[in-house]
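The residues making up each chain are set out below.
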Amino acid sequence: MMLCRAALSPCFHAPGRFLLFSPWSIAAIARPSLPAHNWVLKNGSVRCWSNIPFITVPLSRTHGKSFAHRSELKHAKRIVVKLGSAVVTRGDECGLALGRLASIVEQVSMLQNQGREMMIVTSGAVAFGKQRLRHEILLSQSVRQALHSGQNQLKDMAIPVLEARACAAAGQSGLMALYEAMFTQYSICAAQILVTNLDFHDEQKRRNLNGTLHELLRMNIVPIINTNDAVVPPPEPNSDLQGVNVGKVLQGADPVCGPAWSMKAWLTNLCRESYNVISVKDNDSLAARLAVEMKTDLLIVLSDVEGPTVEQQAEMARAGGRTLAALQPEQRADIIYHLADLLTDQREEILLANKKDMEEAENKGRLALPFMKRLSLSTSKLNSLAIGLRQIAASSQDSVGRVIRRTRIAKDLELEQVTVPIGVLLVIFESRPDCLPQVSALAIASGNGLLLKGGREASHSNQILHHLTQEALSIHGVKDAVQLVNTREEVEDLCRLDKLIDLIIPRGSSQLVRDIQKAAKGIPVMGHSEGICHVYVDADASVEKVTRIVRDSKCEYPAACNALETLLIHRDQLRTPLFDQIIDMLRVEQVKIHAGPRFASYLTFSPSEVKSLRTEYGDLECCIEVVDSVQEAIEHIHKYGSSHTDVIVTENEKTAEYFLQHVDSACVFWNASTRFSDGYRFGLGAEVGISTSRIHARGPVGIEGLLTTKWLLRGDNHVVSDFSEHGSMKYLHENLPIPQRNTN
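Per an unreviewed UniProt entry, the recorded name for the protein is Delta-1-pyrroline-5-carboxylate synthase, and the organism is Alligator sinensis.

Draft legend 1. Region of the structure containing the overall build of the protein. Helix and strand content of the protein: 23 helices and 25 strands. Relative to its 744 residues, the protein shows a buried fraction of 54%. Once local pairs closer than 6 in sequence are excluded, the contacts in the protein between residues at least 24 apart make up 75%. Surface summary for the protein: the accessible area is close to 32,900 Å², and the carbon and sulfur share equals 50%.

Draft legend 2. Spotlight on the pattern of salt bridges. For the structure shown, the criterion picks out 27 salt bridges. Glu203 is paired through a salt bridge with Arg206; the nearest N and O atoms lie 3.1 Å apart. Note that Glu203 and Arg206 are positioned in helix α6 (residues 203-218) at a spacing of three residues, about one turn of the helix. A residue is classified by how much of its surface remains accessible, and Arg206, at 14% relative accessible area, is buried. Within this structure, Arg406, Arg408, Glu414, Glu416, Arg714 and Glu734 form a network of salt bridges that share partners.

Draft legend 3. The pairing of strand β16 (residues 533-537), seen in detail. Burial analysis of β16 places five of its five residues in the buried class, the great majority of the element. Here β16 shows two buried faces, one formed by Cys533, Val535 and Val537 and the other by His534 and Tyr536. Alignment of β16 against strand β17 (residues 564-570), held across five bridges, turns out to be parallel. Opposite Tyr536, over in β17, you have Leu568 as the bridge partner. Between the parallel pair β16 and β17, the chain is carried across by helix α19 (residues 543-555), and the sense of this crossover is right-handed. In terms of strand pairing, β16 meets strand β20 (residues 645-649) through four bridges, oriented parallel. Note on β20: the bridge partner recorded for Val535 is Val647.

Draft legend 4. Region of interest: the sheet that holds strand β21 (residues 667-670). Spatial ordering of the open sheet is given by β18-β19-β17-β16-β20-β21, a layout of six strands whose pairing is parallel. Taken across any chain shown, the strands that pair with only one partner, and hence form the sheet edges, are β18 (592-595) and β21. Neighbour-to-neighbour, the strand axes of the sheet open up by a mean angle of 20°, direction not taken into account.

Draft legend 5. Representation of unusual backbone geometry in the model. In this model, His696 sits at a positive phi of 65°, which is unusual for a non-glycine residue. By the secondary structure assignment, His696 is in the loop between β22 (689-691) and β23 (699-701). With phi around 50°, His733 is a residue other than glycine that occupies positive phi space.

Draft legend 6. Main features of the confidence of the model for the protein. Chain-level pLDDT for the protein is 81 on average; 78% of the residues reach the 70-or-more range. At the level of individual helices and strands, the protein shows its lowest average pLDDT in strand β2 (residues 39-41), which scores 30, and its highest in β16, which scores 98. Counting interchain partners and residues more than four positions distant, the pLDDT-below-50 stretch residues 1-63 has 186 contacts. Considering only residues more than four positions removed or in separate chains, one finds that residues 150-156, a stretch of pLDDT under 50, has eight contacts.

Draft legend 7. Expanded view of the packing of α19 against helix α20 (residues 577-588). Close contact between α19 and α20 brings their axes to 10 Å; oriented N to C, the two are set at 25°. With respect to each other, α19 and α20 are oriented roughly parallel. Note on packing geometry: the crossing formed by α19 with α20 is right-handed. For the pair α19 and α20, the contacting residues are Val543, Val546, Thr547, Val550 and Arg551 in the first and Leu578, Gln581, Ile582, Met585 and Leu586 in the second.

Draft legend 8. Molecular detail of the packing of aromatic side chains. If you walk through the whole model with that rule in mind, you get five aromatic pairs. Taking the centre distance of 4.4 Å and the plane angle of 20° together, the rings of Phe723 and Tyr731 count as stacked. Exposure remark for Phe723: the relative accessible area of 14% places this residue in the buried category.

Draft legend 9. Helix α22 (residues 630-640), seen in detail. For α22, every residue scored as buried is listed here: Val630, Ala633, Ile634, His636 and Ile637. Across the axial projection of α22, the buried residues extend over an arc of 160°, all falling on one side. Summarising the geometry of α22, the exposed residues directed more than 90 degrees from the buried face are Glu635 and Lys639. As for α22, its buried residues are in contact with β16, β17, β19 (621-627), β20 and α23 (653-662).

Draft legend 10. Just the sheet that holds strand β15 (residues 503-507), in detail. Strand order in this open sheet of four strands is β14-β13-β12-β15, and the pairing throughout is parallel. The open sheet terminates on both sides in strands that have one partner only, identified here as β14 (482-484) and β15. Strand-to-strand twist across the sheet, computed as the mean angle between neighbouring axes with direction ignored, equals 20°. With respect to the sheet, helix α10 (residues 310-326) is in contact with β12 (424-429), β13 (449-454) and β14, its orientation differing from that of β13 by roughly 140°. Against the sheet, helix α15 (residues 435-446) touches β12, β13, β14 and β15, its axis set at about 165° to β13.

Draft legend 11. Just helix α2 (residues 98-113), in detail. For α2, built from 16 residues, the straight-helix expectation of 22 Å at 1.5 Å per residue is met to within 8% by its first-to-last C-alpha distance of 22 Å. Residues of α2 that are buried sit in contact with β5 (78-83), α1 (85-88), β6 (117-122), α4 (164-184) and β8 (221-227). Phi turns positive, to about 100°, at Gly115, one or two residues after α2.

Draft legend 12. Structural context of the side chain of Gln417. Structurally, Gln417 can be placed in strand β11 (residues 413-421). With residues near it in sequence (within four places) discarded, Gln417 still touches Arg402, Val403, Ile404, Arg405, Thr709, Lys710 and Trp711.

Draft legend 13. The environment of Asp202, seen in detail. Position of Asp202 among the secondary structure elements: in the loop between α5 (198-201) and α6. Within the structure, the side chain of Asp202 is placed 3.0 Å from the backbone nitrogen of Gln204, a separation counted as a polar contact.

Draft legend 14. Spotlight on the environment of Gln131. For Gln131, the location among the structural elements is in helix α3 (residues 125-149). The class of Gln131 is partly exposed, set by a relative accessible area of 32%.

Draft legend 15. Focus on the environment of Asn735. One can find Asn735 in strand β25 (residues 734-735). Accessibility expressed as a relative area gives 69% for Asn735, which makes it exposed. Along the primary structure Asn735 and Arg408 are separated by 327 residues, whereas in three dimensions their C-alpha atoms are 6.4 Å apart. Asn735 has contacts with Arg406 and Thr407, leaving out every residue within four places of it along the chain.

Procedures and definitions
Residues numbered from 1 in each chain as written. Predicted model: local features only at pLDDT ≥ 70, side-chain atom pairs only at ≥ 80, totals over all residues. Heavy atoms only, no water. Helix = DSSP H or I, 4+ residues; strand = E, 2+ residues; numbered from the N terminus. Buried < 20%, exposed > 50% of the residue type's maximum accessible area, 1.4 Å probe, protein only. Contact = heavy atoms within 4.5 Å. Areas by Shrake-Rupley, 256 points an atom, 1.4 Å probe, with all protein chains shown as cover. Salt bridge = Lys/Arg side-chain N within 4 Å of Asp/Glu carboxyl O. Pairing = 2+ DSSP bridges. Right-handed = clockwise from strand over helix to strand, strands pointing away. Axes fitted to C-alpha atoms, helices over the stretch in contact; angles between N-to-C directions. pLDDT = per-residue confidence, 0-100. Parallel < 35°, antiparallel > 145°, perpendicular 65-115°, else oblique. Left-handed = near helix turned anticlockwise from the far one by under 90°. Phe/Tyr/Trp six-rings, centres within 6.5 Å; stacked < 30°, edge-to-face > 60°. Arc of directions from axis to C-beta. Expected span 1.5 Å × (residues − 1). Polar contact = N/O pair within 3.5 Å; in protein donor to acceptor, adjacent residues only side chain to side chain.

Below, the structure written as structure tokens:
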């Protein structure tokens, strides 16, 4: 069986209480005689089977001895098996991986029938509940739409963000019923136990739980244990380790053994603490607590996710970001220049990884053509990326620590306002692997720690690009400042880490941005949910300029957020050669036209009338509508636009200036394509996104948008009482010249 293969490596020879296996490991307890793989890392401390790393740490047993070798695992009597979300859930994170779960249950049953006392700590209730709730929501939506429209329009339905606790409540009963059905096939009874952290801190509840578990084991029943996710609050970072600094543990990770060693260090330190300080914040810590409470011989933690948790990654990013901010400006620039060189030097490896992503997406048929274009990388894209990164490096010399205001408060009391990084950024992006080096370079230039959460469809590309980013960071010892989140946390769960993340920047579909804005709890979100951009063709527009600008705005890259979606035409331009040329050009470019209500009224045979004037097509489609004046065009933009980018095409300077001053959007242009709304084209090098919010940053967000300020006050034994009515000091509040930094 597959599950038995990886457990045959010799144990890691170090003191401790835990045994950590890869996902394919349970049955080795019963099959210790198969040959071991011969690949050894770091003096035999960590071994791998088929490129799957796993670590074994001997457990302190009741008779005082520890397991010293894999052959002794057959003596384990009482065993806790922890099944992580990545093991029991499907790849789409909605529903259970039934085949994998059935195989695990089969082998747990085999061990149970051999006379061992098996306990399972399981995840999966949230995923099971999410599948169930999504089905119910789709069903109810389809019924309502059928009643109103006479047809089912499932493709237009939007699934709302599902709260994790509600999903857990809906999924716990179904998950347990599934376990019962599976174990019944092997004549084994299972029992469900839901616990919270309070059950371990209340002495009476602890004794009751201990007694219940012992009685179930005595009766040959397999306890299925889970944290009661329907009621537990979000965990406090590191609250379970009193005095154990996770960041320091992970910073001490073995550089050769990598993420696997980090996980071993985490679990080993977790278990070395007495059971009084292991609090239950998730199923990992629950399994640790039970292993200690029940005096088990063996704990097996199964997961296909290597390395630290996202909370630990956020702490590592914060620590790395602070070190990054303390570097000299030329050192940060040096890192970015090196990354730019790596993008061209390692071009073949990057394109090979991207080819794998493209082939997998095509085989699964899950991405529309605009998303496939975003997913694709090419030599020209990589060259453009490298140029943009070098621009960022050149402009980053005067970013962090720049004095923007100096004031003499009083004699020998001077105040400065200086730029500083925001802190830890979480950037979530879809189908855009080129986003990773761009955002990383901006974070490096601004001294911010960075968490990156990319889409699964770009996993191969993201992995190699992140590896190159960390290689560049390593030249000045700040590798941890940029972290790629590979764990399967839901986006909404990441958005609740308000004590670890300072700003969320979503880059993707309007639905993704809306979901993140709804899910974010106490963390600012910078971005735009829609890119509904307008081009207004004025009565005084030039024929040549109109066709060039409209073609570029709509057809150059229709999937971009800064592409034209609505073309507003002054009434006087209808039935003119200019109008005919616009329509002919759009027809040649195969742009599908949707007629606005007024435009449709002028036509005998009109194109399909638009369903909504507030639509982001993201493809070769656009809406055409007619207006009577520049004022009416502005009113239309304010009513139906998204405050992203809007353009006027006219030869009338007065009309143009009126448009520029009165349109309330992040970017407003005169006689220029909407596609210029871009950080690279603005000379920012790159952008983390385009913001349509009205605070902090607006439009393409480069380095400046990732900085905030702090105040530095330098005094000499100054106290406020000296400035009272009868005090000896007087406020001066004199503006002082700002020193010029040498950026050469």
